[in-house]
Amino acid sequence: MSSVPVITVDGPSGVGKGTLSKRLVERLGFNFLDSGAIYRALAWGLLHEGHSPDDEAAVVQLARHLPVRFQDGRIWYEDEDISEAIRTEQVAGVASKVAAIPAVREALLQRQRDFARPPGLVADGRDMGTVVFPGAQVKLFLDASPEVRAERRHKQLKEKGMDANIDKIVREIRERDARDRNRAVAPLVPADDAVVIDTSDLSIDEVVERACEVIRARGIDC
Ligand code: DC
């Protein structure tokens, strides 16, 4: 087990992981790993450099030398701020595809573990509790029905002024889910010792409260 306390927050997209993680980061003063943003940055880089996501050699090569930096809550690719650009459904689709390549996941492993620095870490993703931080002190797994998640994503995109078609979002969420849950490496499943929280009928405050109960039970103030 790592000496730095790690709280993992795993689950499918649109389930509220990002919102919960940020609230926990505020409450605990911990560092934050948005692992999905790393896969999205890789996808963005491929599109930007004109590589096909099917060109596995090029994808792995870029994953090994990904010129991405997280600084003051922003995400940089070389000198370009890509914080917003990586949030499109197109980038998410490519991210999900390249995330299924074992050598890509291997190449990004140490980079993610390096985020575990004092006073602690909240790690948001799909395989944080199973693969990246198997010794984490607290493992949370959020779930919710695909319909609820699609509605949330739809609302988020509209608020950002992005084009959003609900039927298309439901379809894309289902496709991405199937790929994330069924892939051979690091599939989206709760760790054996994870606490599963179904957020379908809970407000964000209720999700935070439930998470904090679990965190306090492991001896971390929340
Ligand atoms: O959480 P997100 O939507 O930003 O993630 C984008 C994609 O990256 C998602 O479809 C699956 C992949 N991903 C992953 O495979 N493992 C993670 N730990 C995080 C994200």
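Each remark here, short or long, concerns the structure printed above.
Residues numbered from 1 in each chain as written. Predicted model: local features only at pLDDT ≥ 70, side-chain atom pairs only at ≥ 80, totals over all residues. Heavy atoms only, no water.

Overview of the state of the cysteines
Spelled out, the test is: Cysteine sulfur atoms are paired as a disulfide whenever they come within 2.5 Å of each other. Secondary structure counts use DSSP, requiring at least four H or I residues in a row for a helix and at least two E residues in a row for a strand, with both numbered from the N terminus.
What the rule picks out here adds up to one disulfide. Note on cysteine connectivity: C212 is disulfide-linked to C222, with sulfurs 2.0 Å apart. Remark: C222 occurs in the segment after α9 (204-217) and C212 occurs in helix α9; sequence separation between them is ten residues.

A closer look at unusual backbone geometry
Let me state the cut-off plainly: Between buried and exposed lies partly exposed: a residue is buried under 20% and exposed over 50% of the maximum accessible area for its type, with that area taken using a 1.4 Å probe on protein chains only.
Look at the link from P118 to P119: it is a cis peptide, with omega at 5 degrees. The residue E78 is not glycine, and still its phi comes out positive at about 50 degrees. Mapped onto the elements of the fold, E78 is located in the loop between β4 (74-77) and β5 (80-81). The phi dihedral of A186 is positive, around 45 degrees, even though this residue is not glycine. Since its relative accessible area comes to 13%, A186 is described here as buried.

Quick notes on the nonpolar core
Note the cut-off: What is meant by a nonpolar core is a set of buried Ala, Val, Leu, Ile, Met, Phe, Trp, Tyr and Cys residues, joined one to another through side-chain atoms within 4.5 Å.
With 36 residues, the main nonpolar core has L33, L42, L66, V104 and F133 as its most contacted residues. Elements represented by at least two residues in this core include exactly α2 (35-49), α3 (56-64), β4, α4 (89-98), α5 (102-113), β6 (121-125) and α6 (128-132). With eight residues, α2 is the single largest residue contributor to this core. In terms of nonpolar packing, the next biggest core, distinct from the first, is built from 22 residues, F30, V195, V214 and I215 among them.

Regarding the packing of helix α7 (residues 146-159) against helix α8 (residues 166-182)
Rules: Axis definition: a line fit to C-alpha positions, over the contact stretch in the case of helices; interaxial angles, taken between N-to-C directions, run 0 to 180 degrees. Each angle receives one of four descriptions, namely roughly parallel if under 35 degrees, roughly antiparallel if over 145, roughly perpendicular if within 65 to 115, and oblique otherwise. The hand of a helix crossing depends on one turn: near helix anticlockwise from the far one by less than a right angle means left-handed, and clockwise means right-handed. The contact rule is simple, with two residues in contact once any of their heavy atoms fall within 4.5 Å. Gly is placed with the polar residues, together with every amino acid not listed as nonpolar (Ala, Val, Leu, Ile, Met, Phe, Trp, Tyr, Cys and Pro) or charged (Asp, Glu, Lys and Arg).
Contact pair α7 / α8: the axes reach a minimum separation of 9 Å and the direction vectors enclose 120 degrees. In terms of orientation, α7 lies oblique with respect to α8. The crossing of α7 and α8 is right-handed. The residues of α8 that touch α7, namely those facing P146, E147, R149, A150, E151, R153, H154 and L157, are I166, I169, V170, I173, R174, R176, D177 and R181. The residue inventory of the contact of α7 with α8, partitioned by class, reads seven nonpolar, one polar and eight charged.

As for the sheet that holds β6
Paired through backbone hydrogen bonds, the strands of a sheet run either parallel or antiparallel to each other. The criterion, for reference: We treat two strands as partners when DSSP finds at least two bridges between them.
Ordered by their spatial adjacency, five strands build an open sheet running β2-β6-β1-β7-β8, and the pairing between neighbours is parallel. Two strands lie at the open edges of the sheet, namely β2 (31-34) and β8 (195-198), each paired on one side alone. On average, adjacent strands in this sheet sit at an angle of 20 degrees to one another, irrespective of strand direction. Where strand β7 (residues 138-143) and β8 come together, four bridges link them in parallel fashion. Bridge assignment links F141 to a residue of β8, and that residue is V196. Against the sheet, α9 engages β1 (6-10), β7 and β8, with an angle of about 155 degrees to β7.

Here we look at the pattern of salt bridges
Heads up, the rule is: The working definition used for a salt bridge is a side-chain nitrogen of Lys or Arg within 4 Å of a carboxyl oxygen of Asp or Glu.
Enumeration over the complete set of coordinates arrives at 19 salt bridges. Close ionic contact of D177 with R149 constitutes a salt bridge, the shortest N to O distance being 2.8 Å. In this pair, D177 is assigned in helix α8 and R149 in helix α7, connecting sequence segments 28 residues apart. A salt bridge links E209 to R216, with the shortest nitrogen-to-oxygen separation between them at 3.5 Å. By relative accessible area, which is 33% here, E209 ends up partly exposed.

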